[in-house]
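# Descriptive analysis of the structure
Take a look at the letters that make up each chain.
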Amino acid sequence: MIYSISGTLLLINYLITIFVSIIVALFLRLPLLPEKPRRFSWTKSAIFPTTIIAMGLLAFCFSINFYYLYDGKLLAIIMGIIAAIFVKYFFKYVFPDSPSVKGDIDE
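Residues numbered from 1 in each chain as written. Predicted model: local features only at pLDDT ≥ 70, side-chain atom pairs only at ≥ 80, totals over all residues. Heavy atoms only, no water.

### Some points on the overall build of the chain
- The number of helices and strands found in the chain is four helices and zero strands.
- Along the chain, helices and strands appear, N-terminal first, in the series α-α-α-α.
- Carbon and sulfur atoms make up 70% of the accessible area of the chain, which amounts to about 7800 Å² in all. (Helix = DSSP H or I, 4+ residues; strand = E, 2+ residues; numbered from the N terminus. Areas by Shrake-Rupley, 256 points an atom, 1.4 Å probe, with all protein chains shown as cover.)

Right, here's the structure in full:
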């Protein structure tokens, strides 16, 4: 059985995921924004990569037609919590920092 939800409900689910992931990330004491200069910063924050990972997890669940309860709203809350916990505790293990480049061409 193929079960689909409307675009409005999909947008609401994504917004729920974004808000829940930001709130949980702030509760876990992640900074709201990365350090300056933001363009070259690779520090974890509540805005990036937490919300992106939460939306990706939710999109993956929706793509395999897994909506769980309440047209995906409960799943959106769960994915927001999981994404914030992942970024806080497991992000550096899955995506380690690249080694710094010491030998430039100018030397």
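So, next bit.
### A few points about the nonpolar core
- Ranked by size, the top nonpolar core spans 13 residues in total, and within it Val-24, Ala-25, Ile-53 and Ala-84 carry the most contacts.
- Of all elements in the fold, only α1 (7-27), α2 (50-63) and α3 (73-89) reach the threshold of two or more residues within this core.
- Sorting elements by how many residues they give to this core places α1 first, with four residues. (Core = buried A, V, L, I, M, F, W, Y, C linked by side-chain atoms within 4.5 Å. Buried < 20%, exposed > 50% of the residue type's maximum accessible area, 1.4 Å probe, protein only.)

### Quick look at the environment of Ser-6
- Among the secondary structure elements, Ser-6 is positioned in the segment before α1.
- A C-alpha to C-alpha distance of 9.6 Å links Ser-6 and Asp-71, two positions 65 residues apart in sequence.

### What about α3?
- When the terminal C-alpha atoms of α3 are compared, their 25 Å separation across 17 residues agrees well with the 24 Å that a helix rising 1.5 Å per residue should span.
- Leu-75, Ala-76, Met-79, Gly-80, Ala-83, Ala-84 and Val-87 are the residues of α3 that are buried. Buried positions in α3, seen along its axis, are confined to an arc of 165° and lie on one side of it.
- Elements that come into contact with the buried residues of α3 comprise α1, α2 and α4 (91-94). (Expected span 1.5 Å × (residues − 1). Arc of directions from axis to C-beta. Contact = heavy atoms within 4.5 Å.)

### A closer look at a nonpolar patch on the surface
- A cluster of nonpolar side chains, contributed by Phe-60, Ile-64, Phe-66, Tyr-68, Leu-69, Tyr-70, Ile-78 and Ile-82, occupies part of the molecular surface with about 850 Å² of accessible area.
- Checked against the element boundaries, Tyr-68 lands in the loop between α2 and α3. (Patch = residues over 30% accessible without salt bridge, like charges linked within 9 Å, V, L, I, M, F, W, Y side chains within 5 Å. Salt bridge = Lys/Arg side-chain N within 4 Å of Asp/Glu carboxyl O.)

### Side note on the packing of α2 against α3
- At a minimum axis distance of 8 Å, the contact between α2 and α3 shows a crossing angle of 135°. Here α3 runs oblique to α2, going by the angle between their axes. Taken as a pair, α2 and α3 cross one another with a handedness that is right-handed. Side by side, α2 and α3 meet where Thr-50, Ile-53, Ala-54, Leu-57, Leu-58, Cys-61 and Phe-62 of the first sit next to Leu-75, Ala-76, Met-79, Gly-80, Ile-82, Ala-83, Ala-84, Phe-86 and Val-87 of the second.
- Residue classes in the contact of α2 with α3 are distributed as 14 nonpolar, two polar and no charged. (Axes fitted to C-alpha atoms, helices over the stretch in contact; angles between N-to-C directions. Parallel < 35°, antiparallel > 145°, perpendicular 65-115°, else oblique. Left-handed = near helix turned anticlockwise from the far one by under 90°. Nonpolar A, V, L, I, M, F, W, Y, C, P; charged D, E, K, R; others polar.)

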